[in-house]
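Secondary and tertiary structure notes
Residues per chain are reported as follows:
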Amino acid sequence: MSKVNDYRYAVDVEAYRKDTPSLIMRFLESESVNDRSPNTIKQHYYTLKGFYKFVSWWAGRCGKDCHRLDEIQDFDFSKVDEDMILGCRKQDIEDYRAYMRKKDDPTDPNPDAPTINKKATARVKVYCIKDFYRFLHENEYLSRNVMEYVHVESKDNTDETKHAIALELDEVAALLGSTREAHRERDLCILVMFLTTGMRLNELVNLNVCDIKFGEDMLINIRRGKGSKTRVIPMNVQCANQVKRYLTIRQKQVDEQNLNELPNGNNPLFLSQENHRISRRRVQSIVERAITAAGLGGKNYSTHKLRHTAATLLYNNGADLNLLKSILGHNTIQTTTIYAHPDIEARRAAIDLNPIAKIDLGALETINAARKLFPLEEEDGNQTSKEGD
């Protein structure tokens, strides 16, 4: 008898041991113990590997005859020793930050040309390196935290041009109608969950059957959100009904293949055709295929844009930012403000409220004619204007 397979909880830190320096390995192990997500640990592994590759390259150990680090093929991460790690200083991370800001194409004359790393990516990498050196200091490998005063740029969500890319309602309808027959109920359930709850890709993949609560409340329990945080998201009726339809199909799959469900309720909500917990890449593929089938290819839509769509629809239909913050699982309200830019039609309607819009400018032949439309206040029988208003 086969069984439902679940790969979610096993953070296989051992997979990194082959080429990882011992100090970095201890850091990754501490993150595993502290219940950091597999993706976070993987991200930290590659960030630190890239940083010490840069340090080696900058010191001339890998040769400087290249523009990008990924052009270096002979870097051996396991050769990074404690002297290099413990000998790094603030200037090393500043040099690395400067490298990430370089143009991806050094021949591009455009001052706004893409950089090697986007600002947000560079920011996350700097945070990771600071975390590692904090770990070294707290565990007495270093007498002081040499990266303590490295500045991390704050997120900039105030730029008017930086707003969330979201699907229009007609595009949402086309997307929901584009799922294929073979796994229609599962794939449609995935799309509806993204579009109605705004959950992240990892959160959807990590859902168990027991995380879904029906009845009057109709809740989804996100037990391992970003940063391993938990939160509860209500389902609307449309979402709850689609989950029920999918669960009926899922149960048939379990029964027909004589599967043993996992103990303690750790049964993946979304199953692959091979009866595994559905993977991130598989969900991305489902969404990409639906986007193409809906005729929306080439618009840079993705699973994360479905999250943006859910948030934008909620905001435009009355959800305030604090409420939206709690639904999306943001740490700060500043992150949520990217959804607070009214669309162009809302702005046009606001502009049209200005009473000047109702004036027939062609009829204003004289100054006196204009004054009749907007009479000034009179004091002591004389017309005067209030200055400074």
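None of these values were measured; they are calculated from a predicted model.

1. Remarks on the overall build of the chain
Scanning the chain from N- to C-terminus turns up 15 helices and five strands. Per-residue burial over the chain gives 39% buried out of 389 residues. For the chain, the proportion of contacts with a sequence separation of at least 24, taken over those separated by at least 6, is 61%. With the model as given, the accessible surface of the chain reaches about 22,700 Å², and the carbon-plus-sulfur share is 49%.

2. Some words on the sheet that holds strand β2 (residues 219-222)
What the three strands build is an open sheet, ordered β1-β2-β3; its pairing is antiparallel. Each edge of the open sheet is held by one strand with a lone partner, namely β1 (212-213) and β3 (231-234). Across four bridges, β2 lies against β3 in antiparallel orientation. Considered in β3, the bridge of Ile 222 is made with Arg 231.

3. Focus on the environment of Asn 206
Position of Asn 206 among the secondary structure elements: in the loop between α8 (201-205) and β1. A residue is classified by how much of its surface remains accessible, and Asn 206, at 16% relative accessible area, is buried.

4. Looking at unusual backbone geometry
One non-glycine residue, Met 218, lies in the positive phi region at around 50°. On the basis of relative accessibility, which here comes to 18%, the residue Met 218 falls in the buried class. For Asn 300, which is not glycine, the phi torsion reads 65° and is therefore positive. Its place among the elements puts Asn 300 in the loop between α10 (280-293) and α11 (303-316). On the basis of relative accessible area, Asn 300 is assigned to the exposed category, the value being 55%.

5. Looking at the packing of aromatic side chains
Taken as a whole, this structure holds 18 aromatic pairs when the rule is applied. Seen in terms of ring centroids, Phe 54 and Tyr 99 are 5.6 Å apart; in terms of plane orientation they differ by 35°. Their pairing is tilted. Linking Phe 54 in helix α2 (residues 38-58) with Tyr 99 in helix α4 (residues 90-100), this pair joins segments that are 45 residues apart in sequence. Considered together, Phe 54 and Tyr 99 belong to a single accessibility category, that of buried residues. Each residue in the set Phe 51, Tyr 52, Phe 54, Trp 57, Trp 58, Tyr 96 and Tyr 99 is aromatic and connected to the rest through ring pairs, giving one cluster.

6. Brief notes about the nonpolar core
With 42 residues, the main nonpolar core has Met 193, Phe 194, Met 199 and Phe 270 as its most contacted residues. Element by element, the count of residues in this core is highest for helix α7 (residues 184-197), at eight residues. Setting aside its immediate chain neighbours within four residues, Phe 194 contacts Met 199, Arg 200, Leu 201, Leu 204, Val 283, Val 287, Thr 303, Leu 306, Arg 307 and Ala 310. Counting 41 residues, the second largest nonpolar core, distinct from the first, contains Leu 48, Phe 51, Ile 93 and Ala 122.

7. A short note on helix α6 (residues 169-176)
An α-helical turn contains 3.6 residues, so a residue and the one three or four places further along point in the same direction. Those residues of α6 not exposed but buried are Glu 171, Val 172 and Leu 175. Relative to the axis of α6, the buried residues are bounded by an arc of 105° and lie together on one face. Residues of α6 that are exposed and angled more than 90 degrees away from the buried face: Leu 169, Asp 170 and Ala 173.

The rules behind the values
- Residues numbered from 1 in each chain as written.
- Predicted model: local features only at pLDDT ≥ 70, side-chain atom pairs only at ≥ 80, totals over all residues.
- Heavy atoms only, no water.
- Helix = DSSP H or I, 4+ residues; strand = E, 2+ residues; numbered from the N terminus.
- Buried < 20%, exposed > 50% of the residue type's maximum accessible area, 1.4 Å probe, protein only.
- Contact = heavy atoms within 4.5 Å.
- Areas by Shrake-Rupley, 256 points an atom, 1.4 Å probe, with all protein chains shown as cover.
- Pairing = 2+ DSSP bridges.
- Phe/Tyr/Trp six-rings, centres within 6.5 Å; stacked < 30°, edge-to-face > 60°.
- Core = buried A, V, L, I, M, F, W, Y, C linked by side-chain atoms within 4.5 Å.
- Arc of directions from axis to C-beta.

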